[in-house]
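Topology and contacts: notes
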Amino acid sequence: MKTILCYGDSITWGSNAETGGRHAYEDRWPNVLQKALGPDVEVITDGLRGRTTGFDEHLAACDRNGVRILPTSLYTHAPLDLVIIMLGSNDMKPAIAGTALAAMQGMRRLVEIVRTSPTRDGSEEPPAVLIVAPPPLCETANPEYAAMFAGGVEQSKMLASLYADLADEVGCGFFDAGSVAKTTPVDGVHLDAENTRAIGRGIEPIVRVMLGL
């Protein structure tokens, strides 16, 4: 049995921009990946709305700092064979970080944590890491989201290139979710059901290669 942890934000959780709720179970990309990989693989979803790579959001009702929470998640779900990290969209908020470079630096720290966290599960090697660049933000007529992510559209377009270079630098897998999915102009950040499903389908081949399936 192989075990995969999907560590992300509202896109991994399955936020539905139309309703403000959650996409159906079968539409969330980790569950699409689970179905495609079959019963010999367990796919665990740890998606938190608003999660950043490694920055605080002081007005949030919970801890959204991905760097601070990741060690707990690794301990909780160990042993793991693969950790898929898709974060960075919320880093585009100027009140949080506002730049793709900051998100890349946060992603580097997340990879370091996976590689060095003593999960005490008896495994000799840390899990493999797949860095996923989220689909770029898009323009929206939603005034709150437009203000919340001011300047984020252009910055978010840089994430894939920066994350790809980081993956080469640290020896991780890489996937550009923007190659298969687009954000919805309803809020400029989240995905409709079809685009959410597309991420799960798009990630499957590289996961199979990384796990030797």
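As shown above, the structure is provided for reference.
In this report, we go over the structure that sits alongside the text. (Residues numbered from 1 in each chain as written. Predicted model: local features only at pLDDT ≥ 70, side-chain atom pairs only at ≥ 80, totals over all residues. Heavy atoms only, no water.)

With respect to the sheet that holds strand E3 (residues 82-86)
- Read across the sheet, five strands follow the order E2-E1-E3-E4-E5 without closing on themselves; strand pairing throughout is parallel. The open sheet is flanked by strand E2 (41-47) and strand E5 (173-176), the only strands paired with a single partner. Strand-to-strand twist in this sheet, taken as the mean axis angle between neighbours without regard to direction, amounts to 20°.
- Of the strand pairs in this sheet, strand E1 (residues 2-8) and E2 are connected by seven bridges, and their pairing is parallel. Bridge pairing links Lys 2 to Val 41 in E2. (Pairing = 2+ DSSP bridges. Helix = DSSP H or I, 4+ residues; strand = E, 2+ residues; numbered from the N terminus. Axes fitted to C-alpha atoms, helices over the stretch in contact; angles between N-to-C directions.)

Considerations on the nonpolar core
- Within the largest apolar cluster, 31 residues are counted, with the highest numbers of intra-cluster contacts made by Leu 74, Ile 85, Met 107, Ile 131 and Tyr 163.
- Examining the composition of this core, we find that eight residues originate from one element, helix H4 (residues 100-116), more than from any other.
- Ranked by size, the runner-up nonpolar core spans 21 residues in total, among them Val 41, Leu 130, Leu 191 and Ile 199. (Core = buried A, V, L, I, M, F, W, Y, C linked by side-chain atoms within 4.5 Å. Buried < 20%, exposed > 50% of the residue type's maximum accessible area, 1.4 Å probe, protein only.)

A few points about the environment of Ile 199
- Within the fold, Ile 199 resides in helix H8 (residues 193-211).
- According to the relative accessible area criterion, Ile 199 is buried, its value standing at 0%.
- For the pair Ile 199 and Val 180, spaced 19 residues apart in sequence, the C-alpha to C-alpha distance is 6.4 Å.

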